[in-house]
Amino acid sequence: MGNIAILCSGGDVSGMNPALKRFVEYSFEKGLTPYFVYHGYEGLIDDKIVPAGFKDVSGIITRGGTKLGSARSKRFMEPEYRRQAYENLKKHGIDKLVVLGGDGSFRGMDKFYHETGIQFCGIPSTIDNDINGTDYCLGVDTALNIIKHSVDAIRDTAGAFRRAFVIETMGRDCGYLALVSAMTSGAEMCLIPELEYDLERYSDCYRKQIAAGRDYFIAIIAEGVKINGVKATDVIVDWFEKEIGFESRATVLGHTQRGGNPTVYDRLMAYKFVTYAIDGLLSEHTHSVICYTKSHFTYKSIDEVTGSRYQLDPALLDLARSEYQQVLCPLPL
Ligand code: ADP
């Protein structure tokens, strides 16, 4: 049936290893010979392309990151290096690629397809969950669970002292991780790029709550939020000390959110994404991204996926508005 390869490009996420395992197994099931490309598009250019077998994926399902390594490749932006990548694939008899990555990786692949005819299917993979056209990106659930463990742990210690904890999540332009984490961890404050907020309202509410006995606060902030040009995390730590009168600590979760043992949901999504990607490549979907929307998988064009910016689900934002925008502050009578 031919040769097919898989690579990881851009930021790594937990769920990539389960995807590699499914890729090898389902390729064989379909009569394809699977290949691994190490280090993303750099590996295509440098011919880090090797046949993959069951042994290569044995035991990796539990591991975060990616066995293949990932990379950003400046060289892949240049036509002559894409030509070299094509020559390498041709040498191995590979005409189909599964690409785990984000918008940039898909744009690069689309260019490559139109130049060379190498078919591809993209699998949206980023913990920010900010790829347009899909409700879910691989790695998000594991990241949310890691944040949950961290916030739960901080809550345990928060209660012991009169303190405010300001926790910063990833999400430069998209507040998905911060918002879902705040809603599911019971945070008292959430600042994300998509929601307006008024610190006066928070201040009024917190004063009432302190009078009613509250002795700690948890705030969750997306890394991209700025207040008067300054990182919101730093401003809010200061604000708790000066405005609310609570000692305050910042915790920047950073890259801890990227790794860790993939959750059941990410393993299942990896399984499904890869299966649909290979099925698509074996049918008429020669250059698409497999998206998950309204509980269904659909193949979308690169233009649909990269043509406009991802918008956080308006229904989710509406749900959160009373608590994190209006700060309605319900208190017992
Ligand atoms: P992500 O896939 O997570 O959005 P990047 O935007 O860094 O990550 O893109 C990953 C890689 O995709 C880049 O390092 C580059 O090799 C390739 N790429 C991105 N845009 C293009 C493009 N317009 N043309 C060719 N290659 C591209």
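Whatever comes next refers back to the structure up there.
Worth saying up front: this structure is predicted, and the values here are computed from it rather than measured. (Residues numbered from 1 in each chain as written. Predicted model: local features only at pLDDT ≥ 70, side-chain atom pairs only at ≥ 80, totals over all residues. Heavy atoms only, no water.)

Enquirer: Could you clarify how one ought to interpret the overall build of the chain in this entry?
Expert: Helix and strand content of the chain: twelve helices and 13 strands. Oriented by its inertia axes, the alpha-carbon framework of the chain measures out at about 70 × 40 × 35 Å. The buried share of the chain, taken over its 333 residues, is 54%. A fraction of 75% describes how many contacts in the chain between residues 6 or more apart in sequence connect residues 24 or more apart. Summed over all atoms, the accessible surface of the chain reaches about 14,700 Å², with 50% contributed by carbon and sulfur. Once the 37 positive and 43 negative side-chain charges of the chain are each reduced to a mean point, those two points are 4 Å apart. (Helix = DSSP H or I, 4+ residues; strand = E, 2+ residues; numbered from the N terminus. Buried < 20%, exposed > 50% of the residue type's maximum accessible area, 1.4 Å probe, protein only. Contact = heavy atoms within 4.5 Å. Areas by Shrake-Rupley, 256 points an atom, 1.4 Å probe, with all protein chains shown as cover. Lys, Arg positive; Asp, Glu negative; His and termini not counted. Charge placed at Lys NZ, Arg CZ, Asp CG, Glu CD.)

Enquirer: Before we go on, may I ask you to explain the packing of helix 1 (residues 16–29) against helix 10 (residues 264–282) in this structure?
Expert: The geometry of helix 1 relative to helix 10 is characterised by a closest axis approach of 8 Å and an angle of 40° between their N-to-C directions. For the element pair helix 1 / helix 10, the angle class is oblique. Our pair here, helix 1 against helix 10, has a crossing hand that is right-handed. Judged by residue contacts, Pro 18, Ala 19, Arg 22, Phe 23, Tyr 26 and Ser 27 of helix 1 engage Arg 267, Ala 270, Tyr 271, Val 274, Thr 275, Ile 278 and Asp 279 from helix 10. When grouped by side-chain class, the residues that make up the contact of helix 1 with helix 10 number eight nonpolar, two polar and three charged. (Axes fitted to C-alpha atoms, helices over the stretch in contact; angles between N-to-C directions. Parallel < 35°, antiparallel > 145°, perpendicular 65-115°, else oblique. Left-handed = near helix turned anticlockwise from the far one by under 90°. Nonpolar A, V, L, I, M, F, W, Y, C, P; charged D, E, K, R; others polar.)

Enquirer: Looking at this model, I keep getting lost on the sheet that holds strand 7 (residues 189–191). Mind explaining?
Expert: The strands that make up a sheet are held in pairs by hydrogen bonds between backbone atoms, and each pair lies either parallel or antiparallel. The strand order across the open sheet built from four strands is 7-8-6-11, with neighbouring strands paired in parallel fashion. Single-partner strands in this sheet number two, and they are strand 7 and strand 11 (247–252). The sheet shows a mean angle of 15° between the axes of neighbouring strands, direction not considered. Pairing between strand 7 and strand 8 (residues 216–222): three bridges, direction parallel. (Pairing = 2+ DSSP bridges.)

Enquirer: Where do I start with the pairing of strand 6 (residues 163–169) in this structure?
Expert: Look at any regular strand and the pattern is simple: side chains alternate between the two faces of the sheet. Here strand 6 lies mainly inside the structure; seven of its seven residues are buried. Side chains Arg 163, Phe 165, Ile 167 and Thr 169 project from strand 6 onto one buried face, and the interleaved Ala 164, Val 166 and Glu 168 project onto a second face that is buried too. With seven bridges connecting them, strand 6 and strand 8 associate as parallel partners. Note that in strand 8 the partner of Arg 163 across the bridge is Tyr 216. Here strand 6 pairs with strand 11 via six bridges, running parallel. The partner of Arg 163 across the bridge, within strand 11, is Glu 247.

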